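Descriptive analysis of the structure
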Amino acid sequence: MSRVRQLTASIGSTLVSQVLGILVSLVFIAYFGRLLSKSEMALYAFLFTLQSWVTLISGMGLATLAVRDTPGLAAGGQMPQARRLLSSALVYRTLVGVMVTVVLILLAPRLGRQLFGSDDFASEMALVSVGGLVLSVLSTASLLQWALQRFQWRATCDLLGNVATRVLAVAGFLIWGFQGFLAGTILGGMVAVGLQLYTLRDVLCLDLLPPGPLLRRSGPYMGSDILRNLLMNLDQPLVGFLLGDAALADFFVAKRCYAFFAAAAMAVTGPLGARISEARIQGEAALKEYFQKALYVVAILFVPAGLALIALSEPLLQVLVGSKYVSAASILSLYGVVLAVSATYELWYEGVVRLLTGYHAMLQNLIVSLLMYGAYFVFLPLAGPAGIPLSATVAWLGAMVLAAWSIRRRVGLTCRPGLYVRPVLCGLLVMAVVLPGLWLPETTGFFVITILAGGAAYALGFWLFAPPEVVSLVRRLKNRLGALRGDVAEAGGAC
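Residues numbered from 1 in each chain as written. Predicted model: local features only at pLDDT ≥ 70, side-chain atom pairs only at ≥ 80, totals over all residues. Heavy atoms only, no water.

This part takes up the pattern of salt bridges. One pass over the full model with this rule turns up three salt bridges. A salt bridge links Asp-207 to Arg-84; its shortest N-O distance comes to 3.4 Å. You can see Asp-207 sitting in the loop between helix H7 (178-199) and helix H8 (211-233) and its partner Arg-84 sitting in helix H4 (residues 79-116), a full 123 residues away along the chain. By relative accessible area, Asp-207 is classed as partly exposed at 45%. The class of Arg-84 is partly exposed, set by a relative accessible area of 21%. Close ionic contact of Glu-289 with Lys-293 constitutes a salt bridge, the shortest N to O distance being 3.0 Å. Of the two residues, Glu-289 and Lys-293 both sit in helix H11 (residues 284-321), four residues apart, roughly one turn of that helix. (Salt bridge = Lys/Arg side-chain N within 4 Å of Asp/Glu carboxyl O. Helix = DSSP H or I, 4+ residues; strand = E, 2+ residues; numbered from the N terminus. Buried < 20%, exposed > 50% of the residue type's maximum accessible area, 1.4 Å probe, protein only.)

Here it is as structure tokens:
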């Protein structure tokens, strides 16, 4: 298979894996959202929190180092050194992860009392700690696949692991109840780890690099990894320990719903951001034209989506997980604002990464973190779990202003403020159409009708408000996607 076809197949397999993974997760959360109590759902949420804790302490910047250095070592004919680096990253992270997990198991009764106010879930907290280790090892193995640029294997293993974890969780729940649910999740994670390690068997070895020099090399990445991990995962323990298990369950369900939209935003901003470097080579005028078009494409896609999420949060939760989590509607509504702001910020951040120095990228992450953590102390006492998306909105807005100022000052790139007016008008049109759907009976059929009406309103809004040059850009993207689908089909036939 040619390099182009191989790249095309890798992109296609990744997209298919993401779509199928989202569908599996949706079905899973819809099923167990109705079966599990809020305390049990909070424990399930804490499984991912403990995974982040294990990764936070055991990471040591090793996975980032492996992702950064492995392609160069492989291309330079130093595959034995790459094998030692990959094996060392996996072994050292796992060993430290085991030690962290032992501590978490010893602390399980205390963590359970802090979260639930009793010792009723002490054994479950111990199981969750073990699950956190398994999922952390799984994430390490997945990163090693990424370092080796084995995107098809990575996509396949991630999808199969996703399915195995959910299937065994369901089977365990039907046989042993909630403890069986946790045990099935852990067993599914172990199956996924085994599959990942099997596909990595040709690059893993016992000849490890000395830990001292290796940690000195990975040291510069430790702080960045810790900061990013805290930024992404501090919210759930804050909600759980400060506000209790019921609040954590509501927040977890709302954030999982938002995560599907956030994944779509990243899938769009990534390819658009990659094109910024090419546009820069063509000159200042071409860069400005492209960046404004790309920014508008992101805004016209996700500003209306965010406004629609604000309007549809309650019926969406009603249809997806039942009336038990309608109390999370206010949280999900505010995540609609986060979606509109964060998707736009991601493109500005791509501009910082590709047009400015590494110092500016570090500064962006630092400012986001400081704003986010500072806003937690303001909004959590006032708004409860809804304070998390409020804090995120403040952080993304502040960081976006900094990114725009930095790019303008260093590169001279500016964007019209009116660029956001048209997407907002389109979003308001969508809201005007879907809001009457809130008075319809809360059934899946009427919800689908409301979604279809909102989609038609969006198409009308795009046609009314999109400038001609953006319509032209969207058409070119559509043509490229058509060509991509053709290449994937041809590559599949060749295989």
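So much for the structure itself; the text now carries on.
Glancing now at the packing of aromatic side chains. This structure, assessed with the given rule, holds 16 aromatic pairs. Residues Tyr-31 and Phe-32 carry aromatic rings whose centres are separated by 4.9 Å and whose planes lie at 80° to one another, so their mutual orientation is edge-to-face. Within the aromatic cluster, the residues linked to one another by ring pairs are Phe-28, Tyr-31, Phe-32, Tyr-44, Phe-173, Phe-178, Phe-181 and Phe-252. A cation sits over an aromatic face here: Arg-166 above Phe-28, 5.1 Å from the ring centre. (Phe/Tyr/Trp six-rings, centres within 6.5 Å; stacked < 30°, edge-to-face > 60°. Lys NZ or Arg CZ within 6 Å of the ring centre and 35° of its normal.)

Grouped burial of nonpolar side chains is what soluble globular proteins tend to show. Counting residues in hydrophobic clusters, the biggest one holds 124 residues, and the most contacted among them are Met-41, Phe-181 and Leu-332. Per-element tally for this core: the top contributor is H11, with 15 residues. For Leu-332, the residues in contact, after removing those within four places along its chain, are Ala-254, Cys-257, Tyr-258, Leu-309, Ser-313, Leu-316 and Leu-317. (Core = buried A, V, L, I, M, F, W, Y, C linked by side-chain atoms within 4.5 Å. Contact = heavy atoms within 4.5 Å.)

As a further point, take the environment of Phe-302. Within the secondary structure, Phe-302 is located in helix H11. Separated by 125 residues in the primary sequence, Phe-302 and Gly-427 have C-alpha atoms spaced 8.8 Å apart.

Looking now at helix H5 (residues 122-147). When the terminal C-alpha atoms of H5 are compared, their 38 Å separation across 26 residues agrees well with the 38 Å that a helix rising 1.5 Å per residue should span. Directly after H5, the chain includes Gln-149, whose backbone phi takes a positive value near 60°. (Expected span 1.5 Å × (residues − 1).)

Along the chain, Gln-196 falls in helix H7. One polar contact links Gln-196 to Gln-145, side chain to side chain, over a distance of 3.0 Å. If we ignore the near neighbours within four places in the chain, the residues touching Gln-196 are Leu-138, Ala-141, Ser-142, Gln-145, Cys-157 and Asp-158. (Polar contact = N/O pair within 3.5 Å; in protein donor to acceptor, adjacent residues only side chain to side chain.)

It is worth spelling out the environment of Phe-46 at this point. With respect to the helices and strands, the residue Phe-46 is situated in helix H2 (residues 38-58). Given the relative accessible area of 0%, Phe-46 is considered buried. In this structure the C-alpha to C-alpha distance between Phe-46 and Gln-236, which are 190 residues apart in sequence, comes to 7.5 Å. Leaving out residues up to four positions away in the same chain, Phe-46 has contacts with Trp-53, Leu-115, Met-125, Val-128, Phe-241 and Leu-248.

Note that every value here comes from positions in space, so none of it alone points to a role or purpose.
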